There are 2 protein chains.
Amino acid sequence: MPNHHRLDSHLFQSLDSVSTLPPADSPVPTDAAAEFKVLRKELVKLQRVLYAQHSDSLLVVFQALDAGGKDGAIRKVFKGVNPQGVRVASFKRPTKLELDHDFLWRVQAHSPARGMISIFNRSHYEDVIATRVRKIIDVDVCNDRYDQINNFEHALNQHGTTILKFYLHISKDEQKRRFQERLSNPTKHWKFSAADLETRKQWSLYMAAYGDALKNCHRELSPWHIIPSDDKSYRNLVIARVIVQTLQKMRPQFPAPESGLQHITID
Amino acid sequence: MPNHHRLDSHLFQSLDSVSTLPPADSPVPTDAAAEFKVLRKELVKLQRVLYAQHSDSLLVVFQALDAGGKDGAIRKVFKGVNPQGVRVASFKRPTKLELDHDFLWRVQAHSPARGMISIFNRSHYEDVIATRVRKIIDVDVCNDRYDQINNFEHALNQHGTTILKFYLHISKDEQKRRFQERLSNPTKHWKFSAADLETRKQWSLYMAAYGDALKNCHRELSPWHIIPSDDKSYRNLVIARVIVQTLQKMRPQFPAPESGLQHITID
């Protein structure tokens with residue numbers, strides 16, 4: 001995993017200045033499809049051991065603007081993984097019940113159990129991004145929430161949860177292309193909402209809010225990865241690389257057998 | 001889907017008399033692998049529309065004795081389906097908290113939301129099978145629970161949930177072989193527990209309890225399918241056939257677009 005995919009707060013002033021294209025020093029490999037297939041197979045294998053071990057767990061957070069590729073990345077990268085060991089939680093606009101609780105309440109309920117991989121499609125980060133752009137919270141509340149998020153994620157780390165956070169970074173032009181595809185393809189109409197255009201109008205405010213959130217909530221054990229996402233196959237490949245490498249580092253092991261197993265005979 | 005896979009209460013006195021092998025009139029096809037692949041692709045497609053429609057849902061219940069193949073069937077049949085639209089709930093021995101509630105409480109929480117496929121790995125049926133064999137409940141309570149289960153499943157039907165229930169039927173010899181595999185293969189040790197041998201000793205009591213539960217809780221909109229499961233590829237094929245055919249009958253459709261979509265231009 002090339003270092004430049006990991007967020008380094010010194011690298012950008014605003015996310016607007018970060019490229020959404022594959023970097024020149026790490027282009028899409030010519031055998032990207034083959035490498036992706038190998039990585040997916042490895043992911044299937046590692047997940048199986050993680051589940052059997054029933055000890056550590058993995059939380060993968062996906063954030064992006066509309067049409068950034070969250071759904072597609074989840075579908076493509078986790079295709080083939082045993083659904084018994086994976087849970088996807090999609091966080092939409094909060095319900096009335098959710099708003100009656102602190103902002104972490106609804107995500108906390110979906111943190112991964114031992115042995116599991118949990119995937120957040122949007123997350124608690126909406127509560128320091130969308131809410132900030134839409135002036136539902138002010139800067140003091142937002143800063144306090146960064147602390148709360150860091151504390152929450154630290155608590156998960158302490159429970160044995162490894163955290164990976166992906167920001168799927170697309171350009172305004174690419175979003176336009178994808179919106180137009182959603183408008184013209186009847187099987188994609190359901191993914192489009194006129195409200196998405198309001199968000200699009202506030203592009204630079206979102207870039208600023210994302211930039212701050214990523215910098216303030218980037219920690220050694222809960223890093224952000226900015227994924228250049230205009231090219232979908234590059235996006236999927238880089239995400240798969242990071243996840244597989246992370247799981248390899250976790251070194252999942254099949255658990256030791258129940259004691260006395262060697263003396264058992266079956267009638 | 002051949003009729004004989006659907007439970008017909010006239011067909012057996014005891015589950016012990018039902019074959020665990022592929023029936024003579026419906027053997028494993030020579031191109032089983034190819035057919036299975038086609039079915040899985042169809043399942044992926046149908047699931048995608050079901051999810052987009054966000055209206056009806058599917059609940060798939062798996063029950064079997066230990067080593068009956070629940071985990072394997074889930075892994076193989078649902079491999080490749082978008083994890084975002086599938087949730088597996090595994091019901092283990094009830095916790096103290098769960099026992100403080102009525103027996104349907106813990107399963108109700110995992111019934112499928114609109115557009116979702118929920119899979120139960122074990123289910124509320126344990127509460128009329130294991131509990132009955134182990135004499136935790138008597139026959140009156142058990143009979144009452146059949147009614148409660150039917151009412152519960154009816155309520156799901158009324159919410160737009162289609163229900164499929166699979167009993168994976170293996171022979172006592174096949175279970176022995178699979179237990180021995182678990183004992184001799186270090187990557188399968190974790191699946192074996194000495195407690196499984198206690199259950200095995202009560203084989204005929206389990207067959208009787210299953211037989212009663214299947215007969216009493218088999219309804220038009222919530223049918224049981226007895227799957228001959230000694231042969232794993234046959235098992236997977238038949239399950240995939242039933243699921244795909246059921247989803248086809250549900251006729252999921254991409255939803256109508258938001259009104260006014262045709263007048264939208266993107267800046």
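You'll find the structure just up there.
Now for a look at the structure at hand.

### Brief notes about the overall build of chain A
The number of helices and strands found in chain A is 10 helices and 5 strands. By the compact-globule yardstick of 18 Å for 267 residues, chain A fits well, its C-alpha radius of gyration being 20 Å. Along the first, second and third principal axes, the C-alpha set of chain A runs to 70 × 50 × 40 Å. Going through the 267 residues of chain A one by one, you find that 51% of them count as buried. Look at the contacts in chain A between residues 6 or more apart in sequence, and 82% of them connect residues 24 or more apart. Here chain A contributes 38 positively and 30 negatively charged side chains, and the mean placements of these two sets differ by 6 Å.

### Structural notes on the interface of chain A and chain B
Chain A puts 42 residues into the contact, and the matching count from chain B is 42 residues. Taken together, the two surfaces of chain A and chain B that pack against each other cover about 3900 Å², and 60% of this comes from carbon and sulfur. On inspection of chain A and its partner chain B, the count reaches 0 salt bridges. Listing elements by their share of the side of chain A that touches chain B, those giving two or more residues are helix 1 (32-53), helix 2 (70-77), strand 2 (86-90), helix 7 (172-184) and helix 8 (195-201) of chain A. Ranked by the residues each element gives to the side of chain A that touches chain B, the list is headed by strand 2 of chain A, at 5 residues. Class assignment of the residues belonging to the side of chain A that touches chain B gives a composition of 21 nonpolar, 11 polar and 10 charged.

### Thoughts on the relation of the copies chain A and chain B
At an RMSD of 0.0 Å, chain A and chain B line up after a rotation of 180° and a shift of 0.0 Å along the axis. Taken together, these values place the two copies in the relation of a two-fold axis. Scanning chain A for the C-alpha nearest the rotation axis identifies Gly80 of chain A, at a separation of 2.1 Å.

### A closer look at a positive patch on the surface
Together, Lys37, Lys41, Arg48, Lys76, Lys79 and Lys232 of chain A together with Lys37, Lys41, Arg48, Lys76, Lys79 and Lys232 of chain B make up a positively charged patch on the protein surface. Among the secondary structure elements, those contributing two or more residues to the positive patch are helix 1 of chain A together with helix 1 (32-53) of chain B.

### As for the sheet that holds strand 5 (residues 224-228) of chain B
Residue and element names in this part refer to chain B. Strand order across the open sheet formed by 5 strands is 2-3-1-4-5, with parallel pairing between neighbours. One side of each edge strand has no neighbouring strand; the edge strands of this open sheet are strand 2 (86-90) and strand 5. Adjacent strand axes in the sheet meet at a mean angle of 20°, parallel and antiparallel pairs treated alike. Where strand 2 lies against strand 3 (residues 117-121), 5 bridges are found, and the strand directions are parallel. Across the sheet, Arg87 pairs through a bridge with Ser118, a residue of strand 3. Lying on the sheet, helix 6 (residues 139-158) is in contact with strand 1 (57-64) and strand 4 (161-169); it crosses strand 4 at an angle near 135°.

### Quick word on the pattern of salt bridges
Pairing is possible between side chains of opposite charge, provided their charged atoms come close. Counting across every chain of the model gives 24 salt bridges over all chains. Salt-bridge contacts for Asp212 of chain B lead to Arg132 of chain B; the nearest nitrogen and oxygen are separated by 3.0 Å. A residue pair is termed long-range when its members are at least 10 positions apart, and Asp212 of chain B in helix 9 (residues 203-216) and Arg132 of chain B in helix 5 (residues 130-133) qualify at 80 residues. Here Asp212 of chain B falls in the partly exposed class, since its relative accessible area comes to 30%. One salt bridge in this structure joins Arg178 of chain B and Glu174 of chain B, with 2.7 Å as the shortest N-O distance. Linking Arg178 of chain B with Glu174 of chain B, this pair stays in helix 7 (residues 172-184), spanning 4 residues, or about one helical turn. A relative accessible area of 9% places Arg178 of chain B in the buried class. Residue classification places Glu174 of chain B among the buried residues on the basis of a relative accessible area of 10%. Residues joined by salt bridges that share partners form a network here, namely Asp66, Arg122 and Glu126 of chain A.

### Notes on the sheet that holds strand 2 of chain A
Residues and elements named next belong to chain A. Pairing is parallel in the open sheet, where 5 strands are placed in the order 2-3-1-4-5. On the outer flanks of this sheet lie strand 2 and strand 5 (224-228), each paired with one strand and no other. Strand-to-strand twist across the sheet, computed as the mean angle between neighbouring axes with direction ignored, equals 20°. Judged from the 5 bridges that link them, strand 4 (residues 161-169) and strand 5 form a sheet pairing that is parallel. Bridge assignment links Lys165 to a residue of strand 5, and that residue is Trp224.

### Looking at the environment of Asp56 of chain A
Residues and elements named next belong to chain A. With respect to the helices and strands, Asp56 occurs in the loop between helix 1 and strand 1 (57-64). For Asp56, a relative accessible area of 28% translates into the label partly exposed. Considering only alpha carbons, one finds Asp56 and His159, 103 residues apart in sequence, at a separation of 7.7 Å. Sequence-distant contacts of Asp56, defined by excluding residues within four places in its chain, comprise Leu50, Arg114, Gly115, Met116, Gly160 and Met250. Among the polar contacts listed, one links the side chain of Asp56 to the side chain of Ser55, at a separation of 3.5 Å.

### Some remarks on helix 6 of chain B
Residue and element names in this part refer to chain B. Between its terminal C-alpha atoms helix 6 stretches 29 Å, which fits the 28 Å expected from 20 residues at 1.5 Å a residue. Packing partners of the buried residues in helix 6 comprise strand 1, helix 4 (105-108), helix 5, strand 4 and helix 9. Capping the start of helix 6 is the job of one residue whose side-chain oxygen sits 3.1 Å from the backbone nitrogen of Asp140: Asp138. Where helix 6 ends, the next residue or the one after it, Gly160, has phi of about 100°, a positive value.

### What to know about the environment of Ser259 of chain B
Residue and element names in this part refer to chain B. Within the secondary structure layout, Ser259 lies in the segment after helix 10 (232-250). Residue classification places Ser259 among the exposed positions, given a relative accessible area of 72%. Between the C-alpha atoms of Ser259 and Val141, which are 118 residues apart in sequence, the distance is 53 Å.

### Section: the pairing of strand 1 of chain B
As a general feature of sheets, a regular strand has side chains that alternate between the two faces. All names here are of chain B. Most of strand 1 is tucked away, with 8 of its 8 residues classed as buried. Of the two faces of strand 1, the one holding Ser57, Leu59, Val61 and Gln63 and the one holding Leu58, Val60, Phe62 and Ala64 are both buried throughout. Across 8 bridges, strand 1 lies against strand 4 in parallel orientation. By the bridge assignment, Val61 is partnered in strand 4 with Lys165. Bridging between strand 1 and strand 3 involves 5 bridges; their strand directions are parallel. The residue of strand 3 that forms the bridge with Leu58 is Ile117.

Conventions and cut-offs
Residues numbered from 1 in each chain as written. Chains lettered and ligands numbered in written order. Predicted model: local features only at pLDDT ≥ 70, side-chain atom pairs only at ≥ 80, totals over all residues. Heavy atoms only, no water. Helix = DSSP H or I, 4+ residues; strand = E, 2+ residues; numbered from the N terminus. Rg over C-alpha atoms; globule rule 2.2 N^0.38 Å. Buried < 20%, exposed > 50% of the residue type's maximum accessible area, 1.4 Å probe, protein only. Contact = heavy atoms within 4.5 Å. Lys, Arg positive; Asp, Glu negative; His and termini not counted. Charge placed at Lys NZ, Arg CZ, Asp CG, Glu CD. Buried area = accessible area lost by both parts, 1.4 Å probe. Salt bridge = Lys/Arg side-chain N within 4 Å of Asp/Glu carboxyl O. Nonpolar A, V, L, I, M, F, W, Y, C, P; charged D, E, K, R; others polar. Least-squares fit on C-alpha atoms with pLDDT ≥ 70 in both. Patch = residues over 30% accessible without salt bridge, like charges linked within 9 Å, V, L, I, M, F, W, Y side chains within 5 Å. Areas by Shrake-Rupley, 256 points an atom, 1.4 Å probe, with all protein chains shown as cover. Pairing = 2+ DSSP bridges. Axes fitted to C-alpha atoms, helices over the stretch in contact; angles between N-to-C directions. Polar contact = N/O pair within 3.5 Å; in protein donor to acceptor, adjacent residues only side chain to side chain. Expected span 1.5 Å × (residues − 1).

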